[in-house]
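# Structural features, examined
Each chain, letter by letter, is given below.
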Amino acid sequence: MAIADLNIYNLVHLQPIPPDWPGGFWWHWLFFTVVIIGFVLTMVMGVIYIERRGMGRMQSRLGPNRTGPFGLLQPVADAVKVLLKENIVPDAADKLVHWLAPVIAFAPVLMIFTVIPFENGALLADLNIGILYIVAISSVSTVGIFMAGWGSSNKYSLLGAMRNVAAIVSYEIPLVLAIVGVVLIAGSLSLNQIVVAQGIPFILLQPLGFLLFFAAGCAEINRSPFDLMEADSEIVAGFHTEYSGMKFAMFYLVEYAEAVAISAIIATLFLGGWRGPLLPPWLWFVIKVIIVFFVMVWTRTTLPRLRIDQLMAFAWKFLFPMSLLNLFITALQVLAGWPTELWWLMVMVNIAITATMVLIWSKFFFKLGRGRIEV
Amino acid sequence: MKFERYGIGIAKGLTVTIRHLFRHPTVSQYPEQRLNISRRFRGNELIWNLEKCTGCGTCAKTCPQGAIDIVTSTEMTENKYVVEKYQVDTGYCIQCGLCVEACPFEALYLSHAFECAKYRRGELVQGKEDMLETPERKVSGYFFPDKAEKLPRQTLLVEKVTEKQ
């Protein structure tokens, strides 16, 4: 494709006005903003319920079951409790930074959802650089978290925030490289186009990419086993040690909204987004998000927390080379062309490649000295 | 080829957690569902038998906490002691059961109750009337195997785990 064609294509594509909407752009904007805020808040509540109940059952407990039927109102009760609490700001805190941090952490998470399609074409802005936009915007909430750590003037907060920054810097690379594999196959950066291109879910064509993205994504949003920044056995509560009341609620919301966002991105990139038989597309999307989140809860319950050097070693010695290899193999496959009638063969080949790669690199990972810095 | 260091441990752990997800939870919903406690449970209260007690005061002497307070007077006509005051401060009681073991006439038992929290310290003191055996205030099987046999068997958590959902 020539450069001129590319420009025209981009210009046409950037027109954000859906012609069939009465009133055009503004109605579209208003409608989807309300939908996104509602979606994020309800999903966060549902997801907190799933996490607490699911984790409880996995630990042979029942989880919260006192508030409402089956404890369904537990997130509401939690929210009311935390909102009524006193807002305490430390004397030595940097007041402005301390106040701004939760807002800065929360805004980018909502902004991620602008480019995630709920149905074919049903999204706030069908950016042609959608996934690049997500990569850019999702890192901003780290700034909010670092502000919280710095503004609290507490050693534990600062340590937690430092760990978070270190983790984000390291895990961003395998995360992006895993995305590039998907983009190569789909041939587009727009999330809607990526979903349209998924005749078969990309988890089958990119099993290694999925594993890498899942691990790096969990580390990016600091879910267990990578939750070093709020490791309560080491550094009290990490960056939100000095937060209480509504500001703490905001951070709590950010934590789960980020988990929902990563689940939504995984569902869109690897599980075929809104595609699915029988059920309406938006319901398929929600189901897939919940399935991905459930897997996150599952790994969280199972795995113990990593040490900080193990965290860094896992990023740089395992995920990073693996994602480079994944990218290389995918590029070769795309260059050779996809035999569409033999797609099941490609799926098997890819799964076999993933298994051998993981085995070989696990062996090599021990030669590299695991968490140790010197080899 | 050993797969011990190739992430097989993670897979094993994941199967364990998923099996627990479909298993019966081991907890019980306390106020509604209660487990049967041990037959020989040493409860927070003492139970005293008015007929068997001779007022010898051995229980008060053995009590390491000095929680038992007994005052007797002599009745010359029947040639025996009358217990005028018998009270236990259960706030001091450590449930060691020495008084029960020491009583030569088997007139003192530990109770089988465990919900004995009170709002005031004064309410913890058991008077004479609060120590008699009633249907609510059961006798524990501690030190009395014949009494233990009549109590219901203890519920074990193992039984709950294997129980059908």
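## Some details on the overall build of chain B
Within chain B, the secondary structure is distributed over five helices and five strands. Seen in sequence order, chain B has helices and strands lined up from the N terminus as α-β-α-β-β-α-β-β-α-α. On the principal axes, the C-alpha backbone points of chain B span a range of 90 × 35 × 30 Å. Excluding contacts between residues fewer than 6 apart, the proportion of contacts in chain B whose partners are at least 24 apart in sequence is 78%.

## Quick notes on helix α4 (residues 95-112) of chain A
Of all bends in α4 of chain A, the biggest is about 30°, found at Ala101 of chain A, and the proline Pro102 of chain A comes one to four residues later. Within the span of α4 of chain A, buried status applies to His98, Ala101, Pro102, Ala105, Pro108, Val109 and Ile112 of chain A.

## Regarding unusual backbone geometry
Keep in mind that most residues, glycine aside, have a negative phi and that most peptide bonds are trans. Within the chain, Asn222 of chain A stands out as a residue other than glycine whose phi angle is a positive 60°. Tracing the backbone shows Asn222 of chain A in the loop between α10 (207-220) and α11 (245-270). Of note, the phi angle at Asn79 of chain B is positive, near 55°, even though the residue is not glycine. By the secondary structure assignment, Asn79 of chain B is in the loop between β2 (68-75) and β3 (80-89).

## Side note on the sheet that holds β3 of chain B
Residue and element names in this part refer to chain B. Spatially, β2-β3-β5 is the arrangement adopted by the three strands of the open sheet, whose pairing is antiparallel. Strands with a single pairing partner mark the edges of an open sheet, and in this sheet they are β2 and β5 (125-126). Of the strand pairs in this sheet, β2 and β3 are connected by eight bridges, and their pairing is antiparallel. Bridging from a neighbouring strand, Val71 pairs with Lys85 of β3.

## Side note on the confidence of the model for chain B
The predicted model of chain B has a mean per-residue pLDDT of 85, with 92% of residues at 70 or higher. The ipTM assigned to the predicted complex is 0.72, against a pTM of 0.80.

Definitions and cut-offs
- Residues numbered from 1 in each chain as written.
- Chains lettered and ligands numbered in written order.
- Predicted model: local features only at pLDDT ≥ 70, side-chain atom pairs only at ≥ 80, totals over all residues.
- Helix = DSSP H or I, 4+ residues; strand = E, 2+ residues; numbered from the N terminus.
- Contact = placed C-beta atoms within 7 Å.
- Bend = angle between axes of the 7 residues up to and from the residue.
- Buried ≥ 20, exposed ≤ 12 C-beta atoms within 10 Å, placed from the backbone.
- Pairing = 2+ DSSP bridges.
- pLDDT = per-residue confidence, 0-100.

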